[in-house]
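Single-letter residue listing:
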Amino acid sequence: MDYLIKVEGLEKRYDGFMLSGVELAVEPGSVVGFVGSNGAGKTTTLKAILGLVEPDAGSIELLGEPVAGPGARERARALDAVKARIGVVFDTCVFPDTCRVADVGLIGRAAYPTWRRERYEELCRAFGLAPAKTVKELSRGMGMKLTLAFALAHDPELLVLDEATAGLDPLARDEVLDILRDFMAEGDRGILMSTHITSDLEKIADEVVCIDEGRPVFALPKDAICDEAGVARCRASELDAVLGSGVLEPGQARVLRHDYGVDVLVPDRFAFARALPQVPVDKASIEDYMTLVLKGEVR
Ligand SMILES: Nc1ncnc2c1ncn2[C@@H]1O[C@H](COP(=O)(O)OP(=O)(O)OP(=O)(O)O)[C@@H](O)[C@H]1O
């Protein structure tokens, strides 16, 4: 299988919002981070991928099955064929308040032929989830951990996570990232994760896909952002020289002015440093990159 997920030309119209031209691919062995401002359309895209929202146009392949085809019956058949091979975590705990942690294990056993009881118990122990606790007694973060344990214990090939680390403290997020790394260590698995916590993606993602107001903005290997790109910190008086230096493509540069100077997004910080050694250039974080691309003036 070339792709665990392949989305092309996805469109979905709501009153006052349109998802348009969204493209996304998750290859076996890769973790794709999905980012964008509030209301950009990330959850809508994930729901379309999982067959929870019917797209108006575009194609979606999930584990090789076409899940956005024209007929509802074909879609349902395709989804049935793959759903046991996918683990899903949305940003809320989906189990009823009165359900105990141990009961969630019974639900898993009934729902998935591939359910691994020992794996579920091991994850619950690692997450500090006592079997007798009810969902009502869990904090938001603990509820997320329970949902994650449920998503992982049936041995999926693909994880789709929507804000799965929201509500977790930094230590718990690191624990979850370790578990996701363990998940990726076995075979040709993949993860698609939407998040606002871009520092998590710096630790685990291979690719970063960004959308804004329903439209694609960039899709890049993480290293192109975090290793190659940079933010040049120049004085306002240096800006014209920086833009005219030949290192930045005219009409493609992104510039953000501050009281104390001007930030310029630089795709290749090494080439920039060679051409303009007098201008300091820092490594870009995913957040820097997004801020400059989404809010920067185009020059
Ligand atoms: N069922 C629906 N009916 C009408 N509008 C909807 C529906 N679901 C989502 N929307 C709208 O679609 C837009 C995109 O929402 P979506 O939840 O996909 O964004 P998001 O990128 O996940 O945002 P956030 O980061 O805030 O969770 C929003 O304007 C939202 O109000």
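Relevant structure appears above.
A brief structural summary. A quick note: this is a predicted structure, and the numbers were derived from the prediction, not measured.

Section: helix 5 (residues 140-152)
Between its first and last C-alpha atoms helix 5 spans 19 Å; for 13 residues at 1.5 Å apiece the expected length is 18 Å, and the two agree. Across the 13 residues that make up helix 5, a large majority, eleven, are buried. Looking at helix 5, one finds that the buried residues are Met142, Gly143, Met144, Lys145, Leu146, Thr147, Leu148, Ala149, Phe150, Ala151 and Leu152. Where helix 5 is buried, its residues meet strand 6 (86-89), helix 3 (101-111), helix 4 (117-126), strand 7 (158-162) and helix 6 (170-185).

Quick word on the sheet that holds strand 4 (residues 57-62)
Spatial ordering of the open sheet is given by 2-1-4-5, a layout of four strands whose pairing is antiparallel. Among the strands making up the open sheet, the edge pair consists of strand 2 (17-26) and strand 5 (65-66). Against the sheet, helix 1 (residues 42-49) engages strand 1 (5-14), strand 2 and strand 4, with an angle of about 120 degrees to strand 1.

A short note on unusual backbone geometry
In this structure, Leu63 takes a positive phi of about 45 degrees despite not being glycine. Tracing the backbone shows Leu63 in the loop between strand 4 and strand 5. On the neighbour-count criterion, Leu63 (19 C-beta atoms within 10 Å) is partly exposed. At Asp155, a position not held by glycine, the phi torsion is positive, near 60 degrees. Looking at the element boundaries, Asp155 is found in the loop between helix 5 and strand 7.

Thoughts on the site of the ligand
As a matter of local geometry, the ligand sits amid Tyr14, Phe17, Gly36, Asn38, Gly39, Ala40, Gly41, Lys42, Thr43 and Thr44. Its residues assigned to classes, the shell around the ligand comprises three nonpolar, six polar and one charged.

Section: the pairing of strand 6
Burial along strand 6 is two-sided: the residues Ile86 and Val88 and Gly87 and Val89 are all buried. Pairing analysis gives four bridges linking strand 6 to strand 7, with the strands arranged parallel. Pairing of Gly87 across the sheet is with Leu159, part of strand 7.

Side note on the sheet that holds strand 14 (residues 281-283)
Reading across the sheet, the five strands line up as 14-11-13-12-15 and stay open at both edges, with antiparallel pairing between neighbours. The open sheet has two edge strands, strand 14 and strand 15 (297-298), and neither has a second partner. Taken together, the five bridges between strand 11 (residues 230-234) and strand 13 (residues 261-266) define a ladder with antiparallel strand orientation. Paired with Cys234 across the two strands is Val262, which belongs to strand 13.

What about the pairing of strand 11?
For strand 11, the buried fraction is high: four of the five residues fall into the buried class. When strand 11 meets strand 14, the two strands line up antiparallel, connected through three bridges. Directly across from Gly230, in strand 14, lies its bridge partner Lys283.

Examining the environment of Gly244
Structurally, Gly244 can be placed in the loop between helix 9 (239-243) and strand 12 (254-258). In the structure, Gly244 is positioned 215 residues away from Gly29 in sequence and 41 Å away in space, judged by C-alpha atoms.

Quick word on helix 6
Here helix 6 contains 16 residues, and its C-alpha end-to-end distance of 22 Å stays within 8% of the 22 Å for a straight helix at 1.5 Å per residue. Against the buried residues of helix 6 lie helix 5, strand 7, strand 8 (190-194) and helix 7 (198-204). Trailing helix 6 by a residue or two, Gly187 shows a phi angle of about 65 degrees, which is positive.

What to know about the nonpolar core
Among the nonpolar cores identified, the biggest contains 82 residues, and Ile49, Ala149, Val160 and Val266 are the most heavily contacted of them. The dominant element in this core, judged by the number of residues it contributes, is helix 5, at eight residues. Not counting chain neighbours up to four residues away, the residues in contact with Ala149 comprise Tyr120, Leu123, Cys124, Phe127 and Leu129.

Conventions used here
Residues numbered from 1 in each chain as written. Predicted model: local features only at pLDDT ≥ 70, side-chain atom pairs only at ≥ 80, totals over all residues. Helix = DSSP H or I, 4+ residues; strand = E, 2+ residues; numbered from the N terminus. Expected span 1.5 Å × (residues − 1). Buried ≥ 20, exposed ≤ 12 C-beta atoms within 10 Å, placed from the backbone. Contact = placed C-beta atoms within 7 Å. Pairing = 2+ DSSP bridges. Axes fitted to C-alpha atoms, helices over the stretch in contact; angles between N-to-C directions. Near = placed C-beta within 6 Å. Nonpolar A, V, L, I, M, F, W, Y, C, P; charged D, E, K, R; others polar. Core = buried A, V, L, I, M, F, W, Y, C linked by C-beta atoms within 7 Å.

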